[in-house]
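Structural overview
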Amino acid sequence: MATVIDGKSIADDVKSGIAWEICRMKNAIGKLPGLAVLLVGKRRDSQTFIRIKIKACNEVGIASFIAELPEDCTEDEIINVISSYNENPSVHGIIVQLPLPQHLDQEKIVNAVSLEKDVDGFHPTNIGNLAMRGREPLFIPCAPMVCIELLLRSGVEIIGKKAAVIGRSQIAGLPTSLLLQRHNATVSTVHAFTKNPEQITSQADIVVTDVGVPNMVRGHWLKQGAVVVDMGTNLVKDPSCRQGYRVTGDVCFEEAIGVASAITPVPGGVGPVTISMLLSNTLDSAKRAYRFT
């Protein structure tokens with residue numbers, strides 16, 4: 001049976017260190033990090049994610065700012081809000097809650113966030129620097145940071161290992177591939193046009209998935225003893241649950257746990273640590289702004 005990687009305990013440990021650093025900053029210079037969140041529309045899932053982020057900010061001592069705009073707002077209205085946060089010295093991180101309504105140019109809006117406050121790590125310059133040897137991005141996207149954090153804390157060797165990343169989204173799959181390469185893994189990317197994907201994943205020592213397809217990765221897709229990081233979050237109808245649905249990942253957990261050596265559960269694996277990485281990026285941004293070490 002695989003070791004189940006407990007993301008919640010790791011997240012609590014990371015947040016404890018962040019809270020200590022913020023307390024040290026406040027005592028030394030009287031300043032706190034600040035995180036601004038922009039929500040467009042009233043998607044219930046987006047509102048839930050924002051509540052979780054604000055709660056986490058409060059737990060560690062990060063000041064939070066929230067701007068809510070109607071679903072039919074214009075790009076100019078959103079960019080004006082972002083610009084005001086870009087110029088606000090009390091704000092060190094800005095996140096635009098995705099997805100945005102279809103009439104909006106998501107790339108244009110995300111790119112309006114100042115590079116120095118792009119704590120999501122989505123700015124083209126940050127992604128470009130992540131891809132280039134010898135350069136360092138100001139921020140790395142949170143999901144890839146979580147992947148590496150979970151692997152390292154679980155004692156998984158990355159150097160020289162074969163890794164398969166299923167999915168190539170700009171938020172998770174692509175930057176995860178780049179970050180694994182930085183840690184000297186040999187990385188294969190599996191996507192919608194990959195033929196016989198299970199032939200690639202079954203040779204990998206590390207399998208990371210983020211495609212949004214429940215139970216797509218079955219036990220026979222995995223090499224015996226592989227380490228599995230499941231970034232998928234899918235809502236599956238289940239009348240037996242109080243909410244009428246349950247949360248599951250991209251990996252068939254019941255099959256994978258008998259093959260893998262370690263695996264992240266969904267929920268309780270990647271998710272809690274992702275919020276902690278966002279807080280960590282915000283703290284780093286504040287330290288950089290205040291030149292605090």
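The rules behind the values
- Along each chain, residues carry numbers from 1 onward, in the same order as the chain's sequence is written.
- Residue-level local features of this predicted model are given only where pLDDT is at least 70; pairs of side-chain atoms are given and counted only at 80 or more, and the full residue set underlies all totals for whole chains, interfaces and linings.
- The basis for every side-chain value is the complete set of non-hydrogen atoms in the structure, without hydrogens or water.
- Each helix corresponds to a stretch of at least 4 residues labelled H or I by DSSP, and each strand to a stretch of at least 2 residues labelled E; elements are numbered beginning at the N terminus.
- Atoms considered for the radius of gyration are the C-alpha atoms alone. The globule rule reads 2.2 Å times the number of residues to the power 0.38.
- Pairs of residues are marked as contacts when any of their non-hydrogen atoms sit within 4.5 Å.
- Counted charges follow a simple rule, with Lys and Arg positive, Asp and Glu negative, and His plus the chain ends left uncounted.
- The atoms used to mark charge sites are NZ of Lys, CZ of Arg, CG of Asp and CD of Glu.
- One requirement defines pairing of two strands: DSSP has to find at least two bridges between them.
- Lines fitted to C-alpha atoms define the axes, with helix axes restricted to the stretch in contact, and inter-axis angles between N-to-C directions lie between 0 and 180 degrees.
- The criterion is simple. A nonpolar core is a set of buried Ala, Val, Leu, Ile, Met, Phe, Trp, Tyr and Cys residues joined through side-chain atoms within 4.5 Å.
- Throughout, exposure labels follow a simple rule: accessible area from a 1.4 Å probe, protein chains only, divided by the maximum for the residue type, with under 20% read as buried, over 50% as exposed, and the rest as partly exposed.
- UniProt positions are given in the numbering used here, feature names are shortened, and annotations may be inferred rather than shown by experiment.

**Notes on the overall build of the protein**
Each helix and strand counted, the protein has 10 helices and 11 strands in total. Its C-alpha atoms give the protein a radius of gyration of 19 Å, near enough to 19 Å, the size a compact globule of 293 residues would have. Oriented by its inertia axes, the alpha-carbon framework of the protein measures out at about 50 × 45 × 35 Å. If you take every contact in the protein between residues at least 6 apart in sequence, the share linking residues at least 24 apart comes to 68%. For the protein, the centre of its 29 positive side-chain charges and the centre of its 30 negative side-chain charges are spaced 3 Å apart.

**A look at the sheet that holds strand E6 (residues 186–190)**
The 6 strands are arranged E1-E11-E8-E7-E5-E6 in an open sheet whose pairing can be described as parallel. Both edges of this open sheet fall to strand E1 (3–4) and E6, since each of them pairs with a single strand only. With 2 bridges connecting them, E1 and strand E11 (residues 262–263) associate as parallel partners. Of the residues in E11, the one forming a bridge with Thr 3 is Ala 262. Most of the contacts of helix H7 (residues 173–182) go to strand E5 (residues 162–166), to which it runs at about 170°, and overall it touches E5, E6 and strand E7 (206–209).

**Some remarks on the environment of Leu 222**
Topologically, Leu 222 is positioned in the loop between E7 and strand E8 (227–230). Spatially, the C-alpha atom of Leu 222 lies 43 Å from that of Ala 63, the residues being 159 residues apart in sequence. What Leu 222 contacts, discounting residues up to four positions off in sequence, is Thr 201, Ser 202, Val 207, Val 217, Val 228, Ala 256 and Val 259.

**A word on the nonpolar core**
By size, the foremost hydrophobic cluster in this structure holds 53 residues, and its most contacted members are Leu 35, Leu 151, Leu 180, Val 208 and Met 231. Judged by nonpolar contacts, the second largest core, of 20 residues, contains Ala 36, Cys 73, Leu 104 and Phe 122.

**Structural notes on the environment of Ile 275**
Tracing the backbone through its elements, the reader meets Ile 275 in helix H10 (residues 270–290). Look at Ile 275 and you get buried, because its relative accessible area is 15%. As for Ile 275 and Val 207, which are separated by 68 residues in sequence, their C-alpha atoms are 22 Å apart. Those residues within four positions of Ile 275 in sequence are excluded, and the remaining contacts are Ile 52, Lys 53 and Ala 56.

**Topic: the sheet that holds strand E2 (residues 34–40)**
The 3 strands lie next to each other as E3-E2-E4, forming an open sheet whose pairing is parallel. Strands with a single pairing partner mark the edges of an open sheet, and in this sheet they are strand E3 (63–69) and strand E4 (93–96). Going across the sheet, the axis of each strand differs from the next one's by a mean of 15°, ignoring polarity. The pairing of E2 with E3 spans 7 bridges and is classified as parallel.

**What to know about the UniProt feature "domain: Tetrahydrofolate dehydrogenase/cyclohydrolase NAD(P)-binding" (unreviewed entry) in the protein**
Sites flagged by UniProt as "domain: Tetrahydrofolate dehydrogenase/cyclohydrolase NAD(P)-binding" (unreviewed entry) map to residues 141–289. Within the segment residues 141–289, helix and strand shares are 34% and 19% respectively, and the terminal C-alpha atoms sit 19 Å apart.

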